Amino acid sequence: QVQLEESGGGLVQTGGSLRLSCEGSGRTGTNYYAMGWFRQAPGKEREFVAVISWNSDKTYYADLVKGRFTISRDNAKNAVYLEMSSLKPEDTGVYHCAADHSLHQVVILEADYWGQGTQVTVSS
């Protein structure tokens, strides 16, 4: 079992930046899991944001965030991060961390483990 806890959300103006963190815990840790982020805005479906492989050799991003968001991880801390810049109002939503042995499962939003999420609000 893996538990994931996100932090770092908040209110920011258009064009601003935020850094989200997700810390994993549990018997096995998250070092051999692909980890990623997805988000859900009010009244909308969940959408994939970014994913990173367990050894950081692969990263993928949704087209909407490419060039603005950067995913990274620190396996010594069982943590994954999402650096967000040039934020737009349409980036508003609850951002969830996800983990799965399969990177593909994270991309298609069928990861085994999810966190409760952290709210990101971008004001116009």
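Our structure's up above, just so we're on the same page.
Residues numbered from 1 in each chain as written. Predicted model: local features only at pLDDT ≥ 70, side-chain atom pairs only at ≥ 80, totals over all residues. Heavy atoms only, no water.

J.: Tell me about the overall build of the protein chain, and name the residues and values.
T.: Secondary structure assignment for the protein chain yields one helix and eleven strands. Along the protein chain, helices and strands appear, N-terminal first, in the series β-β-β-β-β-β-β-β-β-α-β-β. Relative to its length of 124 residues, the protein chain is compact, with a C-alpha radius of gyration of 13 Å against a globular reference of 14 Å. The principal-axis extents of the C-alpha atoms in the protein chain amount to approximately 40 × 25 × 25 Å. Buried residues in the protein chain amount to 45% of all 124 residues. Nonlocal contacts in the protein chain, meaning residues at least 24 apart in sequence, comprise 57% of its contacts between residues at least 6 apart. When the accessible area of the protein chain is evaluated, it comes to approximately 6,500 Å², of which 47% is carbon and sulfur surface. When the 11 positive and 14 negative side-chain charges of the protein chain are each reduced to one mean point, those points stand 3 Å apart. (Helix = DSSP H or I, 4+ residues; strand = E, 2+ residues; numbered from the N terminus. Rg over C-alpha atoms; globule rule 2.2 N^0.38 Å. Buried < 20%, exposed > 50% of the residue type's maximum accessible area, 1.4 Å probe, protein only. Contact = heavy atoms within 4.5 Å. Areas by Shrake-Rupley, 256 points an atom, 1.4 Å probe, with all protein chains shown as cover. Lys, Arg positive; Asp, Glu negative; His and termini not counted. Charge placed at Lys NZ, Arg CZ, Asp CG, Glu CD.)

J.: Explain the nonpolar core residue by residue, including any values.
T.: In terms of nonpolar packing, the biggest core is built from 35 residues, with W37, L82, M84 and Y95 touching the most fellow members. The set of elements that each furnish at least two residues to this core consists of β3 (18–25), β4 (34–40), β5 (46–52), β7 (69–74), β8 (79–84), β9 (93–100), α1 (103–107) and β11 (118–123). Ranked by residues supplied to this core, first place goes to β5 with five residues. With near-sequence residues (within four places) excluded, M84 lies in contact with G16, S17, L18, L20, R68, F69, Y95 and V120. (Core = buried A, V, L, I, M, F, W, Y, C linked by side-chain atoms within 4.5 Å.)

J.: How would you summarise the packing of aromatic side chains if you had to cite specific residues and measurements?
T.: If you walk through the whole model with that rule in mind, you get three aromatic pairs. An angle of 75 degrees between the planes, with centres 5.9 Å apart, marks the rings of Y33 and Y113 as edge-to-face. Here Y113 lies in strand β10 (residues 113–114) and Y33 lies in the loop between β3 and β4, a separation of 80 residues in the sequence. The burial state of Y33 is the same as that of Y113; both residues are buried. Between F38 and W114, the ring centres sit 5.4 Å apart and the planes meet at 70 degrees, which makes this aromatic pair edge-to-face. (Phe/Tyr/Trp six-rings, centres within 6.5 Å; stacked < 30°, edge-to-face > 60°.)

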